[in-house]
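Working through the structure, step by step
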Protein chains: 2
Amino acid sequence: MVDNDVFSALANPVRREVLGLLRGGPMTAGAIAGRFELSRPAVSEHLRVLRLAGLVHENPSGRKRYYELAPEGLTAVSAWLHPFERYWRDRLTSLSDVLDADEKEQP
Amino acid sequence: MVDNDVFSALANPVRREVLGLLRGGPMTAGAIAGRFELSRPAVSEHLRVLRLAGLVHENPSGRKRYYELAPEGLTAVSAWLHPFERYWRDRLTSLSDVLDADEKEQP
DNA sequence: CAAACGTGTCGGAAAGACTTGACATGTCGG
DNA sequence: CCGACATGTCAAGTCTTTCCGACACGTTTG
């Protein structure tokens, strides 16, 4: 995870779960680590990836560091997804249409 | 890419680009491979990953194989994203609110 | 049927990600 | 100040991904 790619950041289930936890409000690195059966350094690295991807904000407070969701982070995913969303919604209005469309072969 | 995880499938930029191409309609494996500076086996493997993730459908027609978008594939992503989408939309109504919220430290 | 075509899969090399244990940095309490 | 605490970072091992060249398989064409 060397680049700041949001999609790569989301590829890891632990990181997705961290984002889910953070939906309930900011948490310290330690509190987050406590929720997983992982070494603390591992969690720290996951947090670093999320931070580089712009998915979380880090606010140090004394010797603790609170992480919270970065509202703007997931907009890139949403934006990428949007054209597809329209596409599949159109087709799912009638599932039979989708199945019929599978038949159109151009030899 | 051993699991069928949709998010892992989307982590690769080539695969995201393939999905983008397929938005214009079904394409053969060869036509897809022709769009990239990659060996055909590499593209074939990407297609395999997309298929396992349920993001594309494969319909063989003679000795060609047409790939097309699987409408239902991305719904998992959309579903996961949805709660966050509401969250960040609420906060982005006023960006200054977000910045202010960063200030709330609980020692 | 044989040659040409479209494509998938196998073996292996190079690059990258994930994890862990050990160490470094900065902060709080006495 | 000094020890305890919260956390980040480094080095190394292992597993996974990605890519390529070569080969295999079914389909079409002559």
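Predicted, not measured: the structure shown is a model, and the values here were computed from it. (Residues numbered from 1 in each chain as written. Chains lettered and ligands numbered in written order. Predicted model: local features only at pLDDT ≥ 70, side-chain atom pairs only at ≥ 80, totals over all residues. Heavy atoms only, no water.)

1. Remarks on the overall build of chain A
Let me state the cut-off plainly: In this description a helix means any DSSP run of H or I spanning at least four residues, a strand means any run of E spanning at least two, and both kinds are numbered starting from the N terminus. Each residue's exposure class comes from its accessible area (1.4 Å probe, protein chains only) as a fraction of the maximum for that residue type: buried when under 20%, exposed when over 50%, partly exposed otherwise.
Helices and strands together make up the secondary structure of chain A, namely 6 helices and 3 strands. Its helices and strands taken in sequence order, chain A reads α-α-β-α-α-β-β-α-α from the N to the C terminus. Residues classed as buried in chain A amount to 46% of the 107 residues present.

2. What to know about the confidence of the model for chain A
So the rule is basically this: Along the chain, pLDDT gives the predictor's confidence residue by residue, from 0 to 100. Throughout, a contact is declared for two residues whenever any of their heavy atoms are within 4.5 Å.
Taken as a whole, chain A shows an average pLDDT of 81; of its residues, 79% reach a score of 70 or greater. When the criterion is pLDDT under 50, residues 94-107 of chain A qualifies, and its contacts beyond four places in sequence or with other chains add up to 14 contacts.

3. Comments concerning the sheet that holds strand E3 (residues 64-69) of chain B
Residue and element names in this part refer to chain B. Definition in use: Pairing between two strands requires that DSSP report at least two bridges joining them. Axis angles are defined between N-to-C directions and span 0 to 180 degrees, where every axis is a line fitted to C-alpha atoms and, for a helix, only to the segment in contact.
The strand order across the open sheet formed by 3 strands is E1-E3-E2, and the pairing between neighbours is antiparallel. The sheet is open, and its two edges are formed by strand E1 (27-28) and strand E2 (56-61), each paired on a single side. Where E2 meets E3, 6 bridges bridge the pair, whose relative direction is antiparallel. Bridged to Ser61 within E3 is Lys64. Most of the contacts of helix H2 (residues 13-22) go to E3, to which it runs at about 90 degrees, and overall it touches E1, E2 and E3. Along the sheet, helix H4 (residues 40-52) contacts E2 and E3; its crossing angle with E2, the most-contacted strand, is approximately 120 degrees.

4. Describing the packing of helix H2 (residues 13-22) of chain A against helix H4 (residues 40-52) of chain A
Residues and elements named next belong to chain A. Rules: The cut-offs work like this: below 35 degrees is roughly parallel, past 145 is roughly antiparallel, 65 to 115 is roughly perpendicular, and the gaps in between are oblique.
Between H2 and H4, the shortest axis-to-axis distance is 10 Å and the interhelical angle comes to 75 degrees. Considered as vectors, H2 and H4 are oriented roughly perpendicular to each other. Touching Val14, Arg15, Val18 and Leu19 of H2 are His46, Leu47, Val49 and Leu50, all from H4.

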